[in-house]
Amino acid sequence: VHSGMLLPPNTVYDKKVYFETLDITGTLLQNAENTFTVQLGGGYNGDYSKWGDRYFTPKGCRAAIVLTYADGSTERIDTDETWMWQDSPITANGLYLGEEYDARRNFAEWTPAVIEPQNAPAGKLLPDEMPPLKKSSCIPVSQWETEEGTIYDFGKNIQGVCWIRLKAPEGCEIRLHHFEMIHPDGSGSQA
């Protein structure tokens, strides 16, 4: 379920921490065994903007699933030490530095969750009421080759996530670099 991107919003974590509420009913639940998964990123840490607030301790997830049955009764399932975790194919990520993704990773092993309240932010929990960033389509308007590789120009400065589909041999390294400016010689650079 995606209610938006780059959630939760950046805050002064010792004062307030926003949480998300997502509706998982409808086609997401089956009348069988269901699995709830969360993918965590590096968040607002060392490589985040010098103007933003940062959170340097290990990242984690606290969640509650509230089930409402047809008879009106409810059941709440909270994250605890019975939950399991594993590393993802995303081996590194950051808001400015992008991500590193290893498609060869094997996900056979799960590890019991570790509860570490000392790493939780101290701020007051508040619902996130910020309008979500939404996914929209954006395709390059032109492309050209340089010594560093292919440049794709989207025609405007945007925030976003690149999605690519390709076939490559195992161990092949693909690099995507994002630029805000294009020089007269066709090369790109950060502002």
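Here we summarise the structure given alongside this text. Just so we're clear, the structure is a prediction, and the values are computed from it rather than from any experiment.

### Quick notes on the overall build of the chain
Phase 1: From N to C terminus, the chain includes 0 helices and 12 strands.
Phase 2: For the chain, whose C-alpha radius of gyration is 20 Å, the value lies well above the compact-globule estimate of 16 Å for 191 residues.
Phase 3: When the backbone C-alpha atoms are referred to their principal axes, the chain occupies close to 65 × 40 × 30 Å.
Phase 4: Per-residue burial for the chain yields a buried fraction of 13% across its 191 residues.
Phase 5: Within the chain, one finds 16 positive and 27 negative side-chain charges whose respective centroids are separated by 5 Å.

### Comments concerning the packing of aromatic side chains
Phase 1: Following the criterion strictly, the structure yields 1 aromatic pair and no others.
Phase 2: Where Phe36 meets Trp83, the ring centres are 5.7 Å apart and the plane angle is 80°; that geometry is what we call edge-to-face. Taken together, the residues Phe36 in the loop between strand 1 (16–19) and strand 2 (64–68) and Trp83 in the loop between strand 3 (74–78) and strand 4 (84–85) connect sequence positions 47 residues apart.
Phase 3: Note on Phe36: relative accessible area 34%, which makes it partly exposed.

### Re a nonpolar patch on the surface
Phase 1: On the surface, Met5, Leu6, Leu95, Leu133, Val161 and Trp163 cluster together to form a nonpolar patch covering roughly 610 Å² of accessible area.
Phase 2: Mapped onto the fold, Val161 is located in the loop between strand 10 (149–153) and strand 11 (181–182).

### Digging into the side chain of Asp128
Phase 1: Along the chain, Asp128 turns up in the loop between strand 8 (124–127) and strand 9 (142–146).
Phase 2: One buried charge, Asp128, has no salt-bridge partner; the nearest side chain with opposite charge is Lys16, at 10 Å.
Phase 3: Excluding its chain neighbours within four sequence positions, the residues that come into contact with Asp128 are Leu7, Pro9, Tyr18, Phe19 and Glu20.

### Remarks on the nonpolar core
Phase 1: Formed by Tyr13, Val17, Tyr44, Tyr48 and Tyr55, the largest nonpolar core amounts to 5 residues.
Phase 2: Excluding residues that lie within four positions of it along the chain, Val17 makes contacts with Thr11, Pro121, Gly123, Lys124, Leu125 and Leu126.

### A look at the side chain of Thr11
Phase 1: Mapped onto the elements, Thr11 comes out in the segment before strand 1.
Phase 2: The exposure class assigned to Thr11 is buried, which follows from its relative accessible area of 4%.
Phase 3: Within the local environment of Thr11, its side chain forms a polar contact with the backbone oxygen of Lys16, the two atoms lying 2.7 Å apart.
Phase 4: Beyond its immediate sequence surroundings of up to four residues, Thr11 is in contact with Lys16, Val17, Tyr18 and Asp53.

Parameters and conventions
- Residues numbered from 1 in each chain as written.
- Predicted model: local features only at pLDDT ≥ 70, side-chain atom pairs only at ≥ 80, totals over all residues.
- Heavy atoms only, no water.
- Helix = DSSP H or I, 4+ residues; strand = E, 2+ residues; numbered from the N terminus.
- Rg over C-alpha atoms; globule rule 2.2 N^0.38 Å.
- Buried < 20%, exposed > 50% of the residue type's maximum accessible area, 1.4 Å probe, protein only.
- Lys, Arg positive; Asp, Glu negative; His and termini not counted.
- Charge placed at Lys NZ, Arg CZ, Asp CG, Glu CD.
- Phe/Tyr/Trp six-rings, centres within 6.5 Å; stacked < 30°, edge-to-face > 60°.
- Patch = residues over 30% accessible without salt bridge, like charges linked within 9 Å, V, L, I, M, F, W, Y side chains within 5 Å.
- Areas by Shrake-Rupley, 256 points an atom, 1.4 Å probe, with all protein chains shown as cover.
- Salt bridge = Lys/Arg side-chain N within 4 Å of Asp/Glu carboxyl O.
- Contact = heavy atoms within 4.5 Å.
- Core = buried A, V, L, I, M, F, W, Y, C linked by side-chain atoms within 4.5 Å.
- Polar contact = N/O pair within 3.5 Å; in protein donor to acceptor, adjacent residues only side chain to side chain.

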